[in-house]
Amino acid sequence: MELWTQQQRIAQGQQSLQGSVGLDSWLLATFPDLEQTATGDIEIRESARERLDRLAGGRMRMFIAEGVFFALILLGGIYYMYRTLQEEVAVEHRQSIFLSATSHELKTPITAIRLYLDTLTSRELSAQKQAELLSKMGYDLTRLSDLIERLLLAQAVINPSHTPQLVALDLSEAVKHVLGELEQRAESDGLTIESSIADDLTALADPERWQLVVSNLLDNAIKYTPRGGHIGIRLSASGDWVRLTVEDSGIGFEPEESEQIFGRFYRIGNEDTRKAKGTGLGLYLVREIAQSFGGRAWAESEGLNRGSTFYVEVPLVLSSRT
Ligand code: ADP
């Protein structure tokens, strides 16, 4: 409408300059969208008006749609940023807990080793006492190197360029080996272990990492099961998969935590968990390793103090039964 008015003014100007033709007839001839009414006024034709209205309506709808679209994008962006920030804060919190847990874990065996060393060098001890202290030092050194190994592995697993070296591996061997190593500790913690390990189940896996999966799960079962409890470990073929099951009658967890416990540095924040030493890296590594073998890991519990069961499945390559 503004444009029309403007053009009308220009035309009037031109006309008055030329001064020859009648303004009305000149306007009508120049602008086909104008018409002369019965009263002799010059007006915009109804059809042109409607066309302009339609155009205006169309533009308005377009602006509203664009407005809504951009508002949604903006809201989505704000929500995404909020979530990212929240996650960042949570990760930072977990990392600081992890740092203090790790330094504590590193410090404890070092302090113990120093103490044994002081005792060994400053006192006259019987051969039996010396052997006892040396064996304790050996145990603490193993704990230290295990932890460092775990940290390095976690670093390697987190690295996106990391590719595990998979070989055809008899999974039962490693399970028996870890069981042999940890059985005594479980017994001295007042726990009973029952095992059922099928032989000759071969899968594509990395031997060291598979051993780490088994030892993490068994170590957790021992750590989180109070005296008098029971642990079951089973390795079996389940369809096209080899399944490792580690169950215990221990402190368990709320079913809604079953995913979070596989998160990096995640530890359940209750008193029972805090009493046990840990860094929150074990289950994270278990799942990452299982996935790198083409498998999966998950956990189930019916609730606190109702025990828990951990499962790892990897694709079966060969079984003595097939
Ligand atoms: P941590 O070093 O703390 O044991 P993990 O990654 O192995 O770290 O486990 C993460 C958390 O999952 C533990 O802190 C604990 O709260 C819970 N959890 C792991 N295993 C068990 C289990 N067998 N029974 C109950 N809770 C468990």
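Residues numbered from 1 in each chain as written. Predicted model: local features only at pLDDT ≥ 70, side-chain atom pairs only at ≥ 80, totals over all residues. Heavy atoms only, no water.

Caption draft 1: Representation of the overall build of the protein chain within the structure. When its secondary structure is counted, the protein chain shows eight helices and nine strands. In terms of overall dimensions, the protein chain is more spread out than a globule: its C-alpha atoms have a radius of gyration of 38 Å, far above the 20 Å expected for 322 residues. Summarising its shape, the C-alpha atoms of the protein chain cover approximately 135 × 60 × 40 Å along the three principal directions. Put simply, of all contacts in the protein chain between residues at least 6 apart along the chain, 67% involve residues at least 24 apart. When the accessible surface of the protein chain is split by element, carbon and sulfur atoms take 55% of a total near 19,900 Å². The average position of the 32 basic charges and that of the 45 acidic charges among the side chains of the protein chain differ by 4 Å. (Helix = DSSP H or I, 4+ residues; strand = E, 2+ residues; numbered from the N terminus. Rg over C-alpha atoms; globule rule 2.2 N^0.38 Å. Contact = heavy atoms within 4.5 Å. Areas by Shrake-Rupley, 256 points an atom, 1.4 Å probe, with all protein chains shown as cover. Lys, Arg positive; Asp, Glu negative; His and termini not counted. Charge placed at Lys NZ, Arg CZ, Asp CG, Glu CD.)

Caption draft 2: Layout of the packing of aromatic side chains. For the coordinates displayed, the defined rule picks out four aromatic pairs. Both rings, one in F69 and one in F70, keep their centres 5.4 Å apart while their planes meet at 70 degrees; by these two values the pair is edge-to-face. Following the ring pairs from residue to residue traces out a cluster consisting of F253, F262 and F310. The side chain of R296 reaches across the aromatic face of W298, ending 4.4 Å from its centre. (Phe/Tyr/Trp six-rings, centres within 6.5 Å; stacked < 30°, edge-to-face > 60°. Lys NZ or Arg CZ within 6 Å of the ring centre and 35° of its normal.)

Caption draft 3: Focus on the site of the ligand. In the neighbourhood of the ligand, 19 residues make up the surrounding shell, with N220, Y224, R267, T279 and L283 lying closest. Y224 is positioned such that a nitrogen or oxygen atom in its side chain is 2.7 Å from an oxygen atom of the ligand. At 2.8 Å from an oxygen atom of the ligand is found a main-chain nitrogen or oxygen belonging to L283. Here the ligand has 520 Å² of accessible area as a free molecule, and 99% of this is covered by the chains. For the shell around the ligand, the elements supplying multiple residues, two or more each, are α6 (207-223), α8 (282-292) and β9 (308-319). A class-by-class count of the residues in the shell around the ligand yields eight nonpolar, eight polar and three charged. (Near = heavy atom within 4 Å. Polar contact = N/O pair within 3.5 Å; in protein donor to acceptor, adjacent residues only side chain to side chain. Nonpolar A, V, L, I, M, F, W, Y, C, P; charged D, E, K, R; others polar.)

Caption draft 4: Examining the nonpolar core more closely. Counting 51 residues, the largest nonpolar core has L171, W210, L217, L235, L244, I261 and V312 as the members making the most contacts within it. If you tally residues by element for this core, the top one is α6, at eight residues. Excluding its chain neighbours within four sequence positions, the residues that come into contact with V312 are W210, V213, L217, V242, R243, L244, V286, A290, R296 and A297. Counting nine residues, the second largest nonpolar core, distinct from the first, contains A11, L27, I44 and A48. (Core = buried A, V, L, I, M, F, W, Y, C linked by side-chain atoms within 4.5 Å. Buried < 20%, exposed > 50% of the residue type's maximum accessible area, 1.4 Å probe, protein only.)

Caption draft 5: Summary view of a negative patch on the surface. A cluster of acidic residues, D146, E149, E181 and E208, forms a negative patch on the protein surface. For D146, the location among the structural elements is in helix α4 (residues 127-158). Its relative accessible area of 45% is what places D146 among the partly exposed residues. (Patch = residues over 30% accessible without salt bridge, like charges linked within 9 Å, V, L, I, M, F, W, Y side chains within 5 Å. Salt bridge = Lys/Arg side-chain N within 4 Å of Asp/Glu carboxyl O.)

This is a description of form; function is not addressed.
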